[in-house]
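# Structural characterization, general
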Amino acid sequence: MNEPIRVLYEDNHLIAIDKRPGDLAQPDATGDDPLQSLITAFIKERDQKPGNVYLGTLHRLDKPVSGVVVFAKTSKAAERMSEIIRSKKALKIYIAVTERGSFGKAGKPERLADALDRKGDTTFVKKGANPDAFLDILTIHAGKFSVHAIRLITGKKHQIRAQLSSRGCPILGDARYGSKMKLPDGAIALHCLCMGFVHPVKKEPLAVIAPLPSYIADAAGTAVDAQAIIELFGGIAGAHGD
């Protein structure tokens, strides 16, 4: 990794970074270091720590996806944050740019509910089965491409990518799910814009926001107001699956 770690938020309990496309959430066949190892080394060098550095992985983003990733710096924060995420009390908002498609109306998001299955490394929608994957989506701009704000409720592997592709709306750059467009560095136009939750130790609302990378902002062709989108989905207090 040639670029420095981009820290979005940090205190004694948590560190949130702006993941780049290509960064690994977990080890794969390439042998490249995963984010946890890179950030551990970053903290150890920056803070001149002589001993081991604790860093707990709380959630993951797919390799070609960018945006907010939060890690725990203590075991207590890891345990509490894991429960927050498991109980769907974390607000996870994404921006996706697709080749077509429109969802929601009159400023009200639309609920997408599907049953997902896996075949090899690909997720697909299983027709006729009971839904187990949910997200809320609102198209915030329709131009050459469609720009969508998404609140992820469940966290299935490749969920957003599969659900949009199944509706004829592949995410730009996502060849696995039907896109014909290529983006730099193997990226796709899916970005975790915000992760919001009540801090596990301080008990204060916290919204960690990652600005859109230039290749997504350029494709979107419109400004994205993160605070307005957070409020659209109910704010931190609305960070629950319903």
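See the structure shown above.
Just so it is clear, the model here is predicted, and its values are computed rather than measured.

## With respect to helix 1 (residues 35-46)
- Taking 1.5 Å per residue as the helical rise, helix 1 with its twelve residues ought to reach 16 Å, and the 16 Å between its terminal C-alpha atoms agrees with that figure.
- Of the residues making up helix 1, those classed as buried are Leu 35, Ile 39, Thr 40 and Ile 43. Each buried residue of helix 1 sits inside an arc of 130° when the element is viewed along its axis, so together they form one side.
- Of the residues flanking the end of helix 1, it is Gln 48, one or two places downstream, whose phi is positive at about 55°.

## Quick word on helix 2 (residues 75-86)
- With twelve residues, helix 2 extends 16 Å from end C-alpha to end C-alpha; this agrees with the ideal 16 Å at 1.5 Å per step.
- Three or more residues of helix 2 are buried, namely Ala 77, Ala 78, Met 81, Ile 84 and Ile 85. Relative to the axis of helix 2, the buried residues are bounded by an arc of 130° and lie together on one face. When the buried face of helix 2 is taken as reference, the exposed residues oriented beyond 90 degrees from it are Ser 75, Glu 79 and Arg 86.
- Against the buried residues of helix 2 lie strand 2 (14-19), strand 4 (66-72), strand 5 (91-98) and strand 11 (190-198).
- Lys 88, located one to two residues past helix 2, shows a positive phi value of around 60°.

## A closer look at a positive patch on the surface
- A cluster of basic residues, Arg 60, Arg 118, Lys 157 and Arg 176, forms a positive patch on the protein surface.
- With respect to the element layout, Arg 176 can be found in the loop between helix 3 (159-165) and strand 11.
- Note on Arg 176: relative accessible area 45%, which makes it partly exposed.

## Some details on the pairing of strand 4
- Within strand 4, seven of the seven residues are buried, which leaves it mostly tucked inside the rest of the structure.
- Pairing of strand 2 with strand 4, which is carried by six bridges, proceeds in the antiparallel orientation. Each residue of the ladder has a partner; that of Ala 16, found in strand 4, is Val 70.
- Where strand 3 (residues 56-57) and strand 4 come together, two bridges link them in antiparallel fashion. Note on strand 4: the bridge partner recorded for Gly 56 is Ala 72.
- Where strand 4 meets strand 11, two bridges bridge the pair, whose relative direction is parallel. Bridge pairing links Ser 66 to His 191 in strand 11.

Calculation criteria
Residues numbered from 1 in each chain as written. Predicted model: local features only at pLDDT ≥ 70, side-chain atom pairs only at ≥ 80, totals over all residues. Heavy atoms only, no water. Helix = DSSP H or I, 4+ residues; strand = E, 2+ residues; numbered from the N terminus. Expected span 1.5 Å × (residues − 1). Buried < 20%, exposed > 50% of the residue type's maximum accessible area, 1.4 Å probe, protein only. Arc of directions from axis to C-beta. Contact = heavy atoms within 4.5 Å. Patch = residues over 30% accessible without salt bridge, like charges linked within 9 Å, V, L, I, M, F, W, Y side chains within 5 Å. Areas by Shrake-Rupley, 256 points an atom, 1.4 Å probe, with all protein chains shown as cover. Salt bridge = Lys/Arg side-chain N within 4 Å of Asp/Glu carboxyl O. Lys, Arg positive; Asp, Glu negative; His and termini not counted. Charge placed at Lys NZ, Arg CZ, Asp CG, Glu CD. Pairing = 2+ DSSP bridges.

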